[in-house]
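# Per-entry structural report
Here is how the chains run, residue by residue.
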Amino acid sequence: MRSLIDIIDFTTEELDALIRTAVDIDADPAKYAECCKGKKIATLFYEPSTRTRLSFEAAMLELGGSVIGFSGAGNSSASKGESVADTAKVISCYADIIAMRHNLEGAPLVAALNASIPVINAGDGSHCHPTQTLADLLTIYREKGRLDHLTVGYCGDLKYGRTVHSLINALSRYEGIETVLISPDELKLPDYVKKDVLEKKGLPYEETTDFEAALPKLDILYMTRVQRERFDDLAVYERVKDSFILTQEKLDLAKPDTAVLHPLPRVNEIAVGIDEDPRACYFKQVYNGKLMRMALILKLLGEAQEDRANVRKAEIQAVCRTKAGRTCPNPKCICHTEQELPAYFRNLGGVDRCLWCDSEM
Ligand code: CP
């Protein structure tokens, strides 16, 4: 069964096709208004969300389908100890497709391996957020007319910001992308993105703490919130939380056509006055996210007609190994809470990484 767990699950051609569908939906919504009649999406959100959950629900309703789900682990039988695997099997009896957000990294992959319906990762811990990336790609495409030959600056929390990890991965597959990583030392991009994506592909990137110096180079400025909820030590959060704030004075250092993106929610990292600047694209991103989720639902439900059952399991078994006694060092990995989940790892660029969360083992 085809799912979307990581943005690399889709080829560049598939991403481009989703963009074409989303643009067509926007141009002629009536054409799609009954495409999912009789279909249900289950939104299983173990963590808070405004945009992702409600845009999935709006997307399915606008396609003529309906919605079930929960918006907090406390409202579900997870609070009684039910596993992600069992939940996925149960929901497969009620719905046609699942969108899952979870605090534990790898949880949507566990769901995909146990569900008999497609599963969409709606954000797993600090790991990935592929449907936010779909929204980002459509926004960049609409603002710039292309997804290649761009200088993209990421600013803020590059360690815990899962949207950054997924977008870097997606854009790494287009020609001529230059990456500028602007963060405090405590919030640098994790190695599984830096080494396994940027360095492995030989893509140019620089790391800096000098926001003002970086700004004039950028075609895209991708701001992120410092993710308070991911810090083990809140003293570190307090130290870094105001490191980079985009004010009008700073934005005036950027090009006249630099597109400013932010996955939202915003705390204080973009001054509210910038919302009126024509370069501010973050509310357009929200709208684009709904269109791309509509396109994604159509694609996955379309492919669910095909018999792809167990293909993913077989693919995983082909590339992964297990080793007795070997465990993932990431305490936030799903493998520590889910019963009988093997300590699968795969070798990426000479480094053994956990299958579920990509941590170095
Ligand atoms: N961008 C995003 O994921 O927002 P929510 O957390 O509100 O879903």
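Placed above this text is the structure.
For clarity, every value in this text was computed on a predicted model and none was experimentally measured.

The subject of this paragraph is the environment of methionine 100. Position of methionine 100 relative to the elements: it lies in strand β3 (residues 97-102). Assessed through the 30 C-beta atoms surrounding it within 10 Å, methionine 100 is described here as buried. Residues contacting methionine 100, with those up to four places away along its chain left out, are Leu44, Ala107, Pro108, Ala111, Val119, Asn121 and Ala122.

Strand order across the open sheet formed by 4 strands is β2-β1-β3-β4, with parallel pairing between neighbours. Sheet topology places β2 (66-70) and β4 (119-124) at the edges, where each strand pairs with a single neighbour. Ignoring which end each strand starts from, the neighbouring axes of this sheet average 15° apart. Taken together, the 5 bridges between strand β1 (residues 40-45) and β3 define a ladder with parallel strand orientation. By the bridge assignment, isoleucine 41 is partnered in β3 with isoleucine 97. Contacts between helix α2 (residues 51-62) and the sheet are confined to β1, β2, β3 and β4, with β1 contributing the most and set at about 175° to the helix.

This next bit is on unusual backbone geometry. The step from leucine 264 to proline 265 runs through a cis peptide bond, and the omega angle for that step is 5°. By the element assignment, proline 265 lies in the loop between β9 (259-261) and α11 (282-304).

Core analysis: the biggest nonpolar cluster contains 100 residues, and Ile98, Ala111, Tyr222 and Ile297 have the highest contact counts within it. If one sorts the elements of this core by residue count, α11 sits on top with 8 residues. Residues contacting alanine 111, with those up to four places away along its chain left out, are Val84, Ala88, Ile98, Met100 and Val119.

This paragraph deals with the site of the ligand. Taken together, Ser49, Thr50, Arg51, Thr52, Gly123, Gln132, Pro263, Leu264 and Pro265 make up the full set of residues near the ligand. Looking at side-chain class alone, the shell around the ligand contains 3 nonpolar, 5 polar and 1 charged residues.

A few words now on the packing of helix α6 (residues 162-171) against helix α7 (residues 191-199). At a minimum axis distance of 10 Å, the contact between α6 and α7 shows a crossing angle of 10°. Considered as vectors, α6 and α7 are oriented roughly parallel to each other. For the pair formed by α6 and α7, the contact residues are His165, Ile168 and Asn169 on the first element and Val193, Val197 and Leu198 on the second. Within the contact of α6 with α7, the residues separate by chemical class into 4 nonpolar, 2 polar and no charged.

Cut-offs applied
- Residues numbered from 1 in each chain as written.
- Predicted model: local features only at pLDDT ≥ 70, side-chain atom pairs only at ≥ 80, totals over all residues.
- Helix = DSSP H or I, 4+ residues; strand = E, 2+ residues; numbered from the N terminus.
- Buried ≥ 20, exposed ≤ 12 C-beta atoms within 10 Å, placed from the backbone.
- Contact = placed C-beta atoms within 7 Å.
- Pairing = 2+ DSSP bridges.
- Axes fitted to C-alpha atoms, helices over the stretch in contact; angles between N-to-C directions.
- Core = buried A, V, L, I, M, F, W, Y, C linked by C-beta atoms within 7 Å.
- Near = placed C-beta within 6 Å.
- Nonpolar A, V, L, I, M, F, W, Y, C, P; charged D, E, K, R; others polar.
- Parallel < 35°, antiparallel > 145°, perpendicular 65-115°, else oblique.

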